[in-house]
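# Overview (structure and organization)
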Amino acid sequence: QVQLVESGGGLVQPGGSLRLSCASSQSIDDFTMMSWYRQAPEKQRELVAIMSNLGSTNYVDSVKGRFTISRDNAKNTLDLLMKNLKFEDTAVYYCNVYYGNRPFWGPGNQVTVGS
């Protein structure tokens, strides 16, 4: 069983930045795929950024150039640096990993972009 906990969310003004972190009970070296999803009110959960165990990354078009997914091996976390935040980035952000062929989710962390 893998336990994941997201942190770093909150309220930020448009154009601001936040860094989300996902702490894992399992070594992140053991995951085949790691990603961040988000779910805005009354919308479906969408994939935001993904990183393979080889380090390749991909992003949804709406965040390309603004968000960066990375791993911190020293802290054993998966991070998401979000810059130039927009109102439409407001959502609950979820960490997702694959341990073998099993997916695990964090409980989510709220990010609100507003003035």
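Structural data are supplied above this passage.
Residues numbered from 1 in each chain as written. Predicted model: local features only at pLDDT ≥ 70, side-chain atom pairs only at ≥ 80, totals over all residues. Heavy atoms only, no water.

Let us look at the sheet that holds strand E1 (residues 4–7). If you walk across this open sheet you meet the four strands as E1-E3-E8-E7, and the pairing is antiparallel. Looking at strand neighbours, the two that pair on one side only are E1 and strand E7 (67–72), the edges of this open sheet. Taken over all neighbouring pairs, the strand axes of this sheet differ in orientation by 15 degrees on average, direction set aside. In the sheet, E1 pairs with strand E3 (residues 18–24) via four bridges, with the strands oriented antiparallel. Each bridged residue has a counterpart across the sheet, and for Ser7 the counterpart in E3 is Ser21. (Pairing = 2+ DSSP bridges. Helix = DSSP H or I, 4+ residues; strand = E, 2+ residues; numbered from the N terminus. Axes fitted to C-alpha atoms, helices over the stretch in contact; angles between N-to-C directions.)

Let's shift gears to the packing of aromatic side chains. Any two aromatic rings considered together are summarised by their centre-to-centre distance and by the angle between their planes. Taken as a whole and judged by the stated rule, the model has three aromatic pairs. Summarising the aromatic geometry, the rings of Tyr94 and Trp105 are spaced 6.4 Å apart at their centres and angled 85 degrees between planes, so their arrangement reads as edge-to-face. In this pair, Tyr94 sits in strand E9 (residues 91–99) while Trp105 sits in strand E10 (residues 102–105), placing the two residues eleven residues apart along the sequence. Assessed through its relative accessible area of 36%, Trp105 is described here as partly exposed. By way of ring pairs, the aromatic residues Tyr37, Tyr94 and Trp105 are connected into one cluster. Lying across the ring of Tyr94, Arg45 places its NZ or CZ 3.7 Å from the centre. Here Arg45 stacks its cationic end above the ring of Trp105, 4.7 Å away from the centre of that ring. (Phe/Tyr/Trp six-rings, centres within 6.5 Å; stacked < 30°, edge-to-face > 60°. Buried < 20%, exposed > 50% of the residue type's maximum accessible area, 1.4 Å probe, protein only. Lys NZ or Arg CZ within 6 Å of the ring centre and 35° of its normal.)

Attention now moves to the state of the cysteines. What the rule picks out here adds up to one disulfide. Across the disulfide from Cys22 sits Cys95; the S-S distance is 2.2 Å. On the sign convention where negative means left-handed, the S-S torsion of about -80 degrees between Cys22 and Cys95 marks this disulfide as left-handed. Residue Cys22 is found in strand E3, and its partner Cys95 is found in strand E9; the two are separated by 73 residues along the sequence. Judged on exposure class, the residue Cys22 and its partner Cys95 are both buried. (Disulfide = S-S within 2.5 Å.)

Next up on the list: the nonpolar core. Ranked by internal contacts, the top residues of the largest apolar core, which has 29 residues, are Trp36, Phe67, Ile69, Leu80, Met82, Tyr93 and Val97. Only E3, strand E4 (33–39), strand E5 (46–52), E7, strand E8 (77–82), E9 and strand E11 (109–113) provide two or more residues apiece to this core. If you tally residues by element for this core, the top one is E9, at four residues. Discounting residues that sit within four places of it in the chain, Ile69 has contacts with Met34, Ser35, Trp36, Ala49, Ile50, Met51, Thr57, Tyr59, Leu78, Asp79 and Leu80. (Core = buried A, V, L, I, M, F, W, Y, C linked by side-chain atoms within 4.5 Å. Contact = heavy atoms within 4.5 Å.)

Using the criterion set out here, one finds six salt bridges in the structure. Residue Arg19 is joined to Asp79 by a salt bridge in which the shortest nitrogen-to-oxygen separation is 3.9 Å. Of the two residues, Arg19 is situated in strand E3 and Asp79 in strand E8; the sequence distance between them amounts to 60 residues. The class of Arg19 is partly exposed, set by a relative accessible area of 43%. Using a relative accessible area of 6% as the deciding quantity, one classes Asp79 as buried. Close ionic contact of Arg38 with Glu46 constitutes a salt bridge, the shortest N to O distance being 2.6 Å. (Salt bridge = Lys/Arg side-chain N within 4 Å of Asp/Glu carboxyl O.)

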